Amino acid sequence: DYNLFIAYTLNPDLTYALINEIYDINKRLNKNIFVIVGAWSGEGFKKQLESFGNVICPDLMCSLDENNLKNKLDKYPQLKEFLKYFGKPNIEIYLEDNKIKSINVLREAPCGSSSETLKEFIGKEFNEKTIKDIGLRVQHFCRAGKLRVFVEKESKKSRAGKILVEGLNIKK
């Protein structure tokens, strides 16, 4: 028995058919299934999918948090459970003698790039350069799409780096 789907289908016809079928299941069987569409193309298609009501199409999977899902959390409590573990990264970095001693990942980016990136920095000195390096290094593990030239001013991978850095909580 499932109540949350994460769809990465790249074909819009298949994605629409999947969302429509889940919507019908919700109605027919009185279910409460929610869908996170991790791969989609075009604002019009996004609006069309989200109009079902049980769908969200985030620009970045690692941007999902309680704020951008707040109008869905009461109706779809499974999202609260999902957000305990996945979404916008929330990381505790423990320092000793201004070096990164350990890392506690409280909430991981759905693609796993947060922990993959940060484990490389254990033992490194913590300073502004380290923070910048973390934001740059995560782009190697990030599964977000590439920059769409002439459409985006900033790549999704670059934004993922900023999101990760914003989620760092330093503990001494």
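See the structure shown above.
The notes below deal with the structure included here. (Residues numbered from 1 in each chain as written. Predicted model: local features only at pLDDT ≥ 70, side-chain atom pairs only at ≥ 80, totals over all residues. Heavy atoms only, no water.)

1. Topic: the sheet that holds strand β1 (residues 4-7)
Right, so step 1: Overall, parallel pairing links the three strands, which are arranged β1-β2-β3 in an open sheet. Each edge of the sheet is formed by a strand with only one pairing partner; in this case those strands are β1 and β3 (55-56).
Right, so step 2: Where β1 and strand β2 (residues 34-37) come together, four bridges link them in parallel fashion. From the neighbouring strand, F5 faces β2, where its bridge partner is V35.
Right, so step 3: Along the sheet, helix α1 (residues 12-29) contacts β1, β2 and β3; its crossing angle with β2, the most-contacted strand, is approximately 165 degrees. (Pairing = 2+ DSSP bridges. Helix = DSSP H or I, 4+ residues; strand = E, 2+ residues; numbered from the N terminus. Contact = heavy atoms within 4.5 Å. Axes fitted to C-alpha atoms, helices over the stretch in contact; angles between N-to-C directions.)

2. A short note on the environment of D133
Right, so step 1: Tracing the backbone shows D133 in helix α5 (residues 128-141).
Right, so step 2: Residue D133 is classed as partly exposed on the basis of its relative accessible area of 26%.
Right, so step 3: As a C-alpha pair, D133 and F121 span twelve residues in sequence and 9.2 Å in three-dimensional space.
Right, so step 4: There is a polar contact of 2.7 Å between the side chain of D133 and the side chain of K129. (Buried < 20%, exposed > 50% of the residue type's maximum accessible area, 1.4 Å probe, protein only. Polar contact = N/O pair within 3.5 Å; in protein donor to acceptor, adjacent residues only side chain to side chain.)

3. Structural notes on the sheet that holds strand β6 (residues 168-171)
Right, so step 1: Judged by pairing direction, the sheet is mixed, and its three strands sit side by side in the order β5-β4-β6 without closing on themselves. The sheet is open, and its two edges are formed by β5 (99-107) and β6, each paired on a single side. Put simply, the sheet's adjacent strands are angled 25 degrees from each other on average, direction ignored.
Right, so step 2: One ladder, built from four bridges, connects strand β4 (residues 90-96) with β6; its direction is parallel. Within β6, the residue paired with Y94 across the bridge is K171.

4. With respect to α1
Right, so step 1: Relative to the 26 Å expected for 18 residues at 1.5 Å per residue, α1 spans 25 Å between its end C-alpha atoms, a close match to the ideal helical length.
Right, so step 2: Taken as a whole, α1 has its buried residues at T15, I19, I22, I25 and N26. Seen end-on, α1 carries its buried residues on one side only, within an arc spanning 120 degrees. Of the exposed residues in α1, those oriented more than 90 degrees away from the buried face are D13, L14, K27 and R28.
Right, so step 3: At its buried positions, α1 is contacted by β1, β2, α2 (43-50) and β3. (Expected span 1.5 Å × (residues − 1). Arc of directions from axis to C-beta.)

5. Structural notes on the pattern of salt bridges
Right, so step 1: One pass over the full model with this rule turns up eight salt bridges.
Right, so step 2: Between K101 and E96 there is a salt bridge, with the nearest N and O atoms lying 3.4 Å from each other.
Right, so step 3: On the accessibility criterion, E96 (44% relative accessible area) is partly exposed.
Right, so step 4: D133 is the partner of K129 in a salt bridge, and the nearest nitrogen-oxygen pair spans 2.7 Å. With a gap of four residues between them, K129 and D133 both fall in helix α5, about one helical turn apart.
Right, so step 5: Note on K129: relative accessible area 55%, which makes it exposed. (Salt bridge = Lys/Arg side-chain N within 4 Å of Asp/Glu carboxyl O.)

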